[in-house]
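Residue-level structure breakdown
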Amino acid sequence: MASPQLSVVVPCFNEAAVIERFHAAVRKVLGQVGLDYEICYVDDGSTDRTRDVIGGLGAGDRRVRYTVLSRNFGKEAAMLAGLRMSRGQAVVLIDADLQHPPELIPRMLELHKRGYDQVIPRRTRDGESMTRTVLSRCYYALVRRLMDVEVLDGAGDFRLLSRQAVDTVLSLPETSRFSKGIFSWIGFTTVTFTYRNAQRLAGSSKWGSRRLLNYGIDGLLSFNNRPLRLAIYAGFWCFLAALVYAVWVAFDVALHGAVVPGYTTLLMAVVGLGGIQLITLGIIGEYVGRIYHEVKRRPSFVIRETDEHPAPGPRPPH
Ligand code: UDP
Ligand code: MG
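Criteria and cut-off values
Every chain is numbered independently, its residues counted from 1 as its sequence is written. Whichever chain is written first becomes A and whichever ligand is written first becomes 1, with later ones labelled in order. Predicted model: local features are reported for residues with pLDDT of at least 70 only, side-chain atom pairs are reported and counted for 80 or more only, and whole-chain, interface and lining totals are derived from all residues. Each helix is a run of H or I in the DSSP string that is no shorter than four residues. Each strand is a run of E no shorter than two, and both are numbered from the N terminus. We compute the radius of gyration from the C-alpha atoms alone; for a globule the expected value is 2.2 Å times N to the 0.38, where N is the number of residues. Residues with at least 20 neighbouring C-beta atoms inside 10 Å of their own are called buried, those with 12 or fewer are called exposed, and the rest are partly exposed, where every C-beta is derived from the backbone. A residue pair is marked as a contact if its C-beta atoms, positioned from the backbone, fall within 7 Å. Confidence scores labelled pLDDT are given residue by residue by the predictor and lie between 0 and 100. Connectivity within a nonpolar core runs through C-beta atoms within 7 Å, and the core itself is a set of buried Ala, Val, Leu, Ile, Met, Phe, Trp, Tyr and Cys residues. Strand pairing is assigned whenever DSSP detects at least two bridges linking the two strands. Note on geometry: axes are lines fitted to C-alpha atoms, helical ones only across the stretch in contact, with angles between N-to-C directions running from 0 to 180 degrees. Working rule for angles: under 35 degrees goes down as roughly parallel, over 145 as roughly antiparallel, 65 to 115 as roughly perpendicular, anything else as oblique. Each helix crossing is assigned a hand: it is left-handed if the near helix lies turned anticlockwise from the far helix by less than a right angle, otherwise right-handed if that turn is clockwise. Asp, Glu, Lys and Arg are counted as charged, while Ala, Val, Leu, Ile, Met, Phe, Trp, Tyr, Cys and Pro are counted as nonpolar; the rest, among them Gly, fall into the polar class.

Regarding the overall build of the protein chain
When you go through the protein chain residue by residue, the secondary structure sums to 10 helices and eight strands. Over its C-alpha trace the protein chain gives a radius of gyration of 25 Å, far above what one expects of a compact globule, namely 20 Å for 318 residues. Its C-alpha atoms give the protein chain principal-axis dimensions of about 95 × 45 × 35 Å. For the protein chain, buried positions account for 28% of its 318 residues. Taking the intrachain contacts of the protein chain between residues at least 6 apart in sequence as the baseline, contacts between residues at least 24 apart amount to 86%.

Re the confidence of the model for the protein chain
In the predicted model, the protein chain carries a mean pLDDT of 84, and 93% of its residues have values of at least 70. Among the prediction metrics, the complex's ipTM stands at 0.94, with pTM recorded as 0.78.

Let's talk about the nonpolar core
Core analysis: the biggest nonpolar cluster contains 53 residues, and Val8, Val9, Val10, Val91 and Val92 have the highest contact counts within it. Per element, the largest residue contribution to this core is seven residues, and it comes from helix α3 (residues 75-85). Ignoring any residue separated from it by four or fewer positions in sequence, one finds Val10 in contact with Ile39, Cys40, Tyr41, Val42, Gly82, Ile94 and Ala96.

What to know about unusual backbone geometry
Positioned with a positive phi, Asn14 is a non-glycine residue whose angle comes to about 55°. In this structure, Asn14 sits in the loop between β1 (6-12) and α1 (19-33). What makes Asn14 partly exposed here is the crowd of 19 C-beta atoms within 10 Å. Unlike most non-glycine residues, Leu98 shows phi in positive territory, near 65°. Among the secondary structure elements, Leu98 is positioned in the loop between β4 (90-93) and α4 (105-113). The exposure class assigned to Leu98 is buried, which follows from the 20 C-beta atoms found within 10 Å.

Thoughts on the sheet that holds β1
Taken together, eight strands build an open sheet; the order of strands is β7-β5-β6-β4-β1-β2-β3-β8 and the sheet is mixed. Each end of this open sheet is capped by a strand with a single partner; those strands are β7 (190-195) and β8 (303-306). Averaged over all pairs of adjacent strands, the angle between their axes in this sheet comes to 20°, without regard to strand direction. Along the sheet face, helix α2 (residues 50-59) touches β1, β2 (37-43) and β3 (64-69) and points at about 155° away from the line of β3. Along the sheet face, helix α6 (residues 163-171) touches β4, β5 (118-123) and β6 (159-162) and points at about 90° away from the line of β6.

Digging into α3
The element α3 is extensively covered by neighbouring structure, given that nine of its 11 residues are classed as buried. Listing the buried residues of α3 in full gives Glu76, Ala77, Ala78, Met79, Leu80, Ala81, Gly82, Leu83 and Met85. Taken together, the buried residues of α3 touch β1, β2, β3, β4, α6 and α7 (179-186).

Thoughts on the packing of helix α9 (residues 226-256) against helix α10 (residues 263-295)
Packing of α9 against α10 leaves a shortest axis separation of 10 Å and a crossing angle of 160°. The angle between α9 and α10 places the two elements in the roughly antiparallel class. In terms of crossing hand, the pair formed by α9 and α10 is left-handed. Contact residues: Pro227, Leu228, Ala231, Ala234, Gly235 and Cys238 in α9; Leu273, Ile276, Thr280, Ile283 and Tyr287 in α10. Split into classes, the residues belonging to the contact of α9 with α10 amount to nine nonpolar, two polar and no charged.

Below, the structure written as structure tokens:
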């Protein structure tokens, strides 16, 4: 089949409540642009009617394609599945909850036509809770220091990628993926513009604070080994401090003779060093865990069915 000019890739996890509205909005926008497109839905193991809804949308329309994963693999895996099934000359990654306004797609295409391989709409943080905004800001400040690649605040997964950029992303062999880092790492000409943040239309966010925190830690660790470097520095400074202290104690003993007091310093040294050692071990452990995960060479996701190969037999009721 000839490749369409544009693929719209949509990861969906329990989005039955919004998909139809999303679909109508995207079709309207793409209809106005008047190009040859396909919409690729990925059902990331939803437990609601998501699969039936996207199956229904695809029934009368060859431009709608779908993949259903065998369980919930997470948004990263769902996006990867979508990129892999996409055939377009350009690909737009977009959320199903209408928080990423489809109305921006024409502008993204326009910029792409001017030669940009990555077009990234950055959202403002309007309407977000204060705590989340502050925490995100701090996180991005930290990330900028600790990561080799640049990750912009407000630049999420909503973006347009050229076919060359998509193929590069797909050629990376790692199983556990941190897309924000990967998209930045691949490079290519990139342009950003800002848009006003919107609230999710229906359903609820799948990112509780715990999941966000884990995602944040994943992001930091999956991209380089600067935390390990940090651990080395911490060890080095502790050693230096210990050395200075030892010299001082040696002089003290030489001048005043051995004295017993020093319980507090001793305890501080034991607890402090113990803490640093545990943190360092933890960091090393995280990396070892990652290596273990990667060497298993498992795929990032498992496909249950696609529009070309629908699952045989009846589906369990919801
Ligand atoms: N999503 C997914 N798998 C998951 C979690 C989320 O495919 O395990 C999809 C979800 O359906 C939505 C997008 O990723 O289209 C963004 O999710 P959400 O709106 O929950 O995240 P937020 O906007 O709060 O960051
Ligand atoms: Mg959302």
